[in-house]
Amino acid sequence: MQDAKRKSQQAEAAKKHLEDLQNPYSPRNIVQWLLKTGPKLIAVVLAMILLHGLSRWGSKRLVAIMARRGRRKGRWEQEDRAQTLTGIFRNMTAWLIWGGGILMILDLLGVPVVPLMGGAAIFGLAIAFGAQNLVRDYFTGFMVLMEDQYAVNDYIRIGSVEGVVERITLRITVLRDMEGAVHFVPHGTISTVSNLTHGWSRAVFSIGIAYKENADEVMVILRELAMALKEDPEYGPWILEDPEMLGVNSFDDSAVTIRFHIKTRPLKQWKIRREMLRRIKQRFDELGIEIPFPHRTVY
């Protein structure tokens, strides 16, 4: 009886020991799992962090090379294009690195990854059929970036919306207009884009003078003012070429319109235009040249 009792106790101890071995949450099994799998998890996490850092470092160099090979020649334009492509490249690499790392961590944790990926593929296919506009947004955004239609800090017009490009993703373009309002434009809705600052800009002037004024003399005065502006140390670096005088453009109801334009750096045409108009007003006042306003004579 004592021998049977002793064997029964041994059997209970063996059973408990077996349950401990089969229990994944027992302290012994947790320690063994950590010793076996922990270094792999740490290695995966460190690899993700390292790859993410390398992608951020490499994206600057790669994108700088791509920007220099683009059609834009100015240093500011190359920097804007590099900034645009850097943001897109970082987002894509971050998704790939963190997505692949999470799948590896799930595999180490014992989660079946293959069925998960298969389910994700089916789910993605269903989303693609149900969200065709979203797919069109991404495809159009990819083509916008590939063709270098515009970049961050460009001033563009999309339909009835215009403003400075603050951010570009594969799905949307973020514009801020002159009033400070932010517009989010999905790429799939874009049919025509007007870039007002691609490569260079132009300040166009249509100056109206009275019919009694000498148009040739006024054109000489306007050209002198434009050349003085080009030689100005503050505004001169923004002007790329000598002003081009187009001449008398039209005969309006109460004025003769003279047109000329000045080629400027991107985004500088408005500052050049405002300063030029200010100088024209001062010079016309000094010389007594009349800038007419619409009027009507009633008999």
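Calculation notes
Residues numbered from 1 in each chain as written. Predicted model: local features only at pLDDT ≥ 70, side-chain atom pairs only at ≥ 80, totals over all residues. Heavy atoms only, no water. Pairing = 2+ DSSP bridges. Helix = DSSP H or I, 4+ residues; strand = E, 2+ residues; numbered from the N terminus. Axes fitted to C-alpha atoms, helices over the stretch in contact; angles between N-to-C directions. Phe/Tyr/Trp six-rings, centres within 6.5 Å; stacked < 30°, edge-to-face > 60°. Buried < 20%, exposed > 50% of the residue type's maximum accessible area, 1.4 Å probe, protein only. Lys NZ or Arg CZ within 6 Å of the ring centre and 35° of its normal. Contact = heavy atoms within 4.5 Å. Patch = residues over 30% accessible without salt bridge, like charges linked within 9 Å, V, L, I, M, F, W, Y side chains within 5 Å. Areas by Shrake-Rupley, 256 points an atom, 1.4 Å probe, with all protein chains shown as cover. Salt bridge = Lys/Arg side-chain N within 4 Å of Asp/Glu carboxyl O. Expected span 1.5 Å × (residues − 1). Arc of directions from axis to C-beta. Polar contact = N/O pair within 3.5 Å; in protein donor to acceptor, adjacent residues only side chain to side chain. Core = buried A, V, L, I, M, F, W, Y, C linked by side-chain atoms within 4.5 Å. Parallel < 35°, antiparallel > 145°, perpendicular 65-115°, else oblique. Left-handed = near helix turned anticlockwise from the far one by under 90°.

Further remarks concern the sheet that holds strand S2 (residues 161–168). A sheet is described by the order of its strands in space; here five strands give the open sequence S4-S3-S2-S1-S5, paired in antiparallel fashion. Edge positions in the sheet fall to strand S4 (182–186) and strand S5 (193–195), since each of these pairs with one other strand and no more. The average undirected angle you get between the axes of adjacent strands in this sheet is 40°. Pairing of strand S3 (residues 172–176) with S4 involves five bridges; the strand directions are antiparallel.

Attention shifts here to the packing of aromatic side chains. Counted by the stated rule, this structure contains four aromatic pairs. Geometrically, the ring pair formed by Phe-205 and Phe-260 is stacked, given 4.7 Å between the ring centres and 10° between the ring planes. Residue Phe-205 is found in strand S6 (residues 201–209), and its partner Phe-260 is found in strand S8 (residues 256–264); the two are separated by 55 residues along the sequence. Given the relative accessible area of 1%, Phe-260 is considered buried. Here the basic side chain of Lys-263 rests over the ring of Trp-200, its NZ or CZ set 4.4 Å away from the ring centre. Note that Lys-268 overlies the ring of Trp-238, its terminal NZ or CZ placed 4.5 Å from the centroid.

Now for the sheet that holds S8. With respect to topology, three strands assemble into an open sheet ordered S6-S8-S7, the strand pairing being antiparallel. Each edge of the open sheet carries a strand with a single partner, namely S6 and strand S7 (244–251). Strand-to-strand twist across the sheet, computed as the mean angle between neighbouring axes with direction ignored, equals 25°. Sheet analysis places S6 next to S8, joined by nine bridges and oriented antiparallel. The residue bridging Phe-205 from the neighbouring strand is Phe-260, located in S8. Running at roughly 25° to S6, helix H7 (residues 269–287) makes contact with S6 and S8 of the sheet.

Our next topic: a nonpolar patch on the surface. On the surface, Ile-42, Val-45, Leu-46, Ile-49, Trp-98 and Ile-102 cluster together into a nonpolar patch covering about 560 Å² of accessible area. A total of four residues in the nonpolar patch trace back to one element, the largest contributor, which is helix H2 (residues 27–68). Examined against the element boundaries, Leu-46 turns out to sit in helix H2.

Turning our eyes to something else, we now look at the pairing of strand S1 (residues 155–158). For S1 and S2, the ladder comprises four bridges, and the chain directions are antiparallel. Looking at the pairing, Arg-157 lines up with Glu-162 of S2. Two strands pair when backbone bridges link them, and S1 and S5 are joined in this way by three bridges, in the antiparallel orientation. If you follow Ile-158 over to S5, its bridge partner there is Val-193.

Between its terminal C-alpha atoms helix H6 (residues 215–231) stretches 24 Å, which fits the 24 Å expected from 17 residues at 1.5 Å a residue. Along H6, the residues that are buried comprise Ala-215, Val-218, Met-219, Ile-221, Leu-222, Leu-225, Ala-226 and Leu-229. The arc enclosing the buried residues of H6, seen along the axis, measures out at 160°, which places them on a common side. With respect to the buried face of H6, the exposed residues turned more than 90 degrees away are Asp-216, Glu-217 and Glu-231. Packing partners of the buried residues in H6 comprise S6, S7, S8 and H7. Put simply, Asn-214 is the residue that caps the front of H6, since its side-chain oxygen is 3.0 Å from the backbone nitrogen of Asp-216.

A few words on the pattern of salt bridges. All chains considered together, the criterion is met by twelve salt bridges. Residue Lys-281 is joined to Asp-285 by a salt bridge in which the shortest nitrogen-to-oxygen separation is 2.5 Å. Separated by four residues within a single helix, Lys-281 and Asp-285 lie in helix H7, roughly one turn from each other. Residue Asp-285 is classed as partly exposed on the basis of its relative accessible area of 48%. Counted as one network, the salt bridges with shared partners bring together Asp-232, Glu-275, Arg-278 and Arg-279.

What follows is about the nonpolar core. Counting residues in hydrophobic clusters, the biggest one holds 23 residues, and the most contacted among them are Leu-222, Phe-260, Met-276, Ile-280 and Phe-284. Counting residues per element, the ones that place at least two in this core are S6, H6, S8 and H7. By residue number, the principal contributor to this core is H6, which donates eight residues. With residues near it in sequence (within four places) discarded, Met-276 still touches Phe-205, Leu-222, Leu-225, Ala-226, Leu-229 and Phe-260. Formed by ten residues, the second largest nonpolar core is a distinct cluster that contains Ile-158, Val-165, Ile-168 and Leu-175.

Our next topic: the packing of H6 against H7. Describing two packed helices takes the angle between their axes plus the distance from one axis to the other. Direction vectors running N to C along H6 and H7 enclose 135°, while the axes themselves pass 10 Å from each other. Comparing their axes, H7 and H6 come out oblique. The hand of the H6/H7 crossing is right-handed. Every residue of H7 that contacts H6 at Val-218, Ile-221, Leu-222, Leu-225, Ala-226, Ala-228 and Leu-229 is listed here: Ile-272, Glu-275, Met-276, Arg-279, Ile-280, Arg-283, Phe-284 and Leu-287.

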